[in-house]
Amino acid sequence: VQLVESGGGLVQPGGSLRLSCVASGFTFSSYFMSWYRQAPGKERELVALIRSVGGRTNYADSVKGRFTISRDNAKNTVYLQMNSLKPEDTAVYYCNARRIQVVAGTVDVYWGQGTQVTVAS
């Protein structure tokens, strides 16, 4: 199983970045996909989530209206489009895959290695 993030970097306040996460080794379309972030000295927090069926999304209040999560099941890829970036968005961004199988009573969770996003002038 692999989740490989890319697209991070240094951007000025107000700028944009698009993160990508390519998945392999599991049935991507069956998993909820999320982006988390962790800033220095802070806990990891959920940024955005997209469901496996229907594509419904959820966002942290701090990024609503600025970030958009999307997925391409044909490419086993989830994206995070980040606009109007702020210095407080600076963090390592992690891709997460999660599947809960209620009947089997199992939860499968996978994490990527993370990609650094730095917002500074």
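We now turn to the structure provided with this report. (Residues numbered from 1 in each chain as written. Predicted model: local features only at pLDDT ≥ 70, side-chain atom pairs only at ≥ 80, totals over all residues. Heavy atoms only, no water.)

### Topic: the overall build of the protein chain
When helices and strands are counted, the protein chain shows zero helices and eleven strands. Each helix (α) and strand (β) of the protein chain, taken in turn from the N terminus, gives the series β-β-β-β-β-β-β-β-β-β-β. Principal-axis analysis of the C-alpha atoms gives the protein chain an extent of 50 × 30 × 25 Å. Total accessible area on the protein chain stands at roughly 6,500 Å², and carbon and sulfur atoms take up 48% of it. (Helix = DSSP H or I, 4+ residues; strand = E, 2+ residues; numbered from the N terminus. Areas by Shrake-Rupley, 256 points an atom, 1.4 Å probe, with all protein chains shown as cover.)

### With respect to the pairing of strand E7 (residues 67–72)
Of the two faces of E7, only one is covered, namely that formed by Phe-67, Ile-69 and Arg-71; the face formed by Thr-68, Ser-70 and Asp-72 stays uncovered. Alignment of E7 against strand E8 (residues 77–82), held across six bridges, turns out to be antiparallel. Across the sheet, residue Phe-67 finds its bridge partner in E8, namely Met-82. Between the antiparallel neighbours E7 and E8 lie four residues, among them Asn-76 with a positive phi of about 50 degrees. (Buried < 20%, exposed > 50% of the residue type's maximum accessible area, 1.4 Å probe, protein only. Pairing = 2+ DSSP bridges.)

### Thoughts on a nonpolar patch on the surface
A cluster of nonpolar side chains, Ile-100, Val-102, Val-107, Val-109 and Trp-111, forms an exposed patch at the surface whose accessible area comes to about 490 Å². Ranked by the residues each element gives to the nonpolar patch, the list is headed by strand E10 (residues 106–111), at three residues. Relative to the helices and strands, Val-109 is located in strand E10. (Patch = residues over 30% accessible without salt bridge, like charges linked within 9 Å, V, L, I, M, F, W, Y side chains within 5 Å. Salt bridge = Lys/Arg side-chain N within 4 Å of Asp/Glu carboxyl O.)

### Here we look at the packing of aromatic side chains
Applying the stated criterion across every chain yields a total of five aromatic pairs. One aromatic cluster is present, built from ring pairs that chain together Phe-26, Tyr-31 and Tyr-110. Of note, Arg-18 hangs over the ring of Tyr-79, and the distance from its end group to the ring centre comes to 4.0 Å. In this arrangement the basic side chain of Arg-44 is found over the ring face of Trp-111, its NZ or CZ atom lying 4.6 Å from the centre. (Phe/Tyr/Trp six-rings, centres within 6.5 Å; stacked < 30°, edge-to-face > 60°. Lys NZ or Arg CZ within 6 Å of the ring centre and 35° of its normal.)

### Observations regarding the sheet that holds strand E3 (residues 17–24)
Picture the strands of a sheet paired through backbone hydrogen bonds; they go either parallel or antiparallel. On the basis of which strands lie adjacent, the open sheet formed by four strands has the order E1-E3-E8-E7 and antiparallel pairing. Here the strands that pair on one side only, and so sit at the sheet edges, are strand E1 (2–6) and E7. Strand after strand, the sheet turns through a mean of 15 degrees between neighbouring axes, direction not considered. (Axes fitted to C-alpha atoms, helices over the stretch in contact; angles between N-to-C directions.)

### Overview of the pattern of salt bridges
If you walk through the whole model with that rule in mind, you get five salt bridges. Between Arg-37 and Asp-89 there is a salt bridge, with its nearest N and O atoms 2.9 Å apart. Residue Arg-37 is found in strand E4 (residues 32–38), and its partner Asp-89 is found in the loop between E8 and strand E9 (91–101); the two are separated by 52 residues along the sequence. Comparing Arg-37 with Asp-89 shows no difference in burial state: the two are buried.

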